[in-house]
Amino acid sequence: MIVSTTTALDGTQVSEYVGVVTGEAVLGANAFRDLFAGLRDIVGGRSAGYERSLREARDTALAEMVSEAEQKGADAVVGVDVDYESIQLGQGGSMLMVSASGTAVKL
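Caption draft 1: Representation of a nonpolar patch on the surface. Judged by side-chain polarity, Val-26, Ile-87 and Leu-89 come together as a nonpolar surface patch covering roughly 220 Å² of accessible area. Counting through the fold element by element, Ile-87 comes out in strand β3 (residues 76-88). Among the residues examined, Ile-87 registers a relative accessible area of 30% and is labelled partly exposed.

Caption draft 2: Representation of the sheet that holds strand β1 (residues 2-3) within the structure. Strand order in this open sheet of 4 strands is β1-β3-β4-β2, and the pairing throughout is mixed. The sheet is open, and its two edges are formed by β1 and β2 (16-28), each paired on a single side. The pairing of β1 with β3 spans 2 bridges and is parallel. Directly across from Val-3, in β3, lies its bridge partner Val-77.

Caption draft 3: Focus on the pattern of salt bridges. Counted according to the given criterion, the structure contains 2 salt bridges. The salt bridge involving Asp-59 is made with Arg-58; its shortest N-O contact spans 3.5 Å. A residue is classified by how much of its surface remains accessible, and Asp-59, at 42% relative accessible area, is partly exposed. Judged by relative accessible area, which is 30%, Arg-58 ranks as partly exposed.

Caption draft 4: The arrangement of the confidence of the model for the chain in detail. Here the chain averages 84 in pLDDT, and 79% of its residues register 70 or above. For the chain, per-element mean pLDDT is lowest for helix α1 (residues 31-43), which scores 52, and highest for β1, which scores 96.

Caption draft 5: Quick peek at the nonpolar core. Grouped together as the largest cluster of nonpolar side chains are 14 residues, with contacts concentrated most on Val-21, Met-65, Ala-69, Val-77, Val-98 and Ala-104. Contributions of two or more residues to this core are made by β2, α2 (48-71), β3 and β4 (94-106). The element best represented in this core is α2, accounting for 5 residues. Excluding anything up to four places from it in sequence, Ala-69 contacts Met-1, Val-21, Ala-74, Val-77 and Ala-104.

Caption draft 6: Quick peek at the pairing of β3. Judged from the 11 bridges that link them, β3 and β4 form a sheet pairing that is antiparallel. Bridge assignment links Val-82 to a residue of β4, and that residue is Ala-100.

Caption draft 7: Expanded view of the side chain of Ser-4. Take Ser-4: it is sitting in the loop between β1 and β2. Not counting the four nearest positions on each side in its chain, Ser-4 is found in contact with Leu-9, Val-77, Val-78, Gly-79 and Val-80.

Caption draft 8: Spatial organisation of the environment of Met-97. Mapping Met-97 onto the fold places it in strand β4. Through-space distance from the C-alpha of Met-97 to that of Leu-27 is 6.5 Å; in sequence the pair is 70 residues apart.

The rules behind these values
- Residues numbered from 1 in each chain as written.
- Predicted model: local features only at pLDDT ≥ 70, side-chain atom pairs only at ≥ 80, totals over all residues.
- Heavy atoms only, no water.
- Patch = residues over 30% accessible without salt bridge, like charges linked within 9 Å, V, L, I, M, F, W, Y side chains within 5 Å.
- Areas by Shrake-Rupley, 256 points an atom, 1.4 Å probe, with all protein chains shown as cover.
- Salt bridge = Lys/Arg side-chain N within 4 Å of Asp/Glu carboxyl O.
- Helix = DSSP H or I, 4+ residues; strand = E, 2+ residues; numbered from the N terminus.
- Buried < 20%, exposed > 50% of the residue type's maximum accessible area, 1.4 Å probe, protein only.
- Pairing = 2+ DSSP bridges.
- pLDDT = per-residue confidence, 0-100.
- Core = buried A, V, L, I, M, F, W, Y, C linked by side-chain atoms within 4.5 Å.
- Contact = heavy atoms within 4.5 Å.

Put into structure tokens, the structure is as follows:
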């Protein structure tokens, strides 16, 4: 399955637009990871735990989007957009939501 952020693919022609496909992933934030990320903010550096969570959430959202495109008989997904949102829960809790969307096409 070809997945592209562009709306056209070099050397190919879209024969049919199948429709919009999406994928989402919502992950809870770990309290210890939050604590260590806060410390990293103070002393500087990168938060490997958060980076790993973002990568996993992105990969999950993209995989769900591709799965939906495959179910619709598409050959590719073009115009892909990935968005990240922090969902604030009561009493200081939060979750991370990553969504991917694009247009499923037949080539």
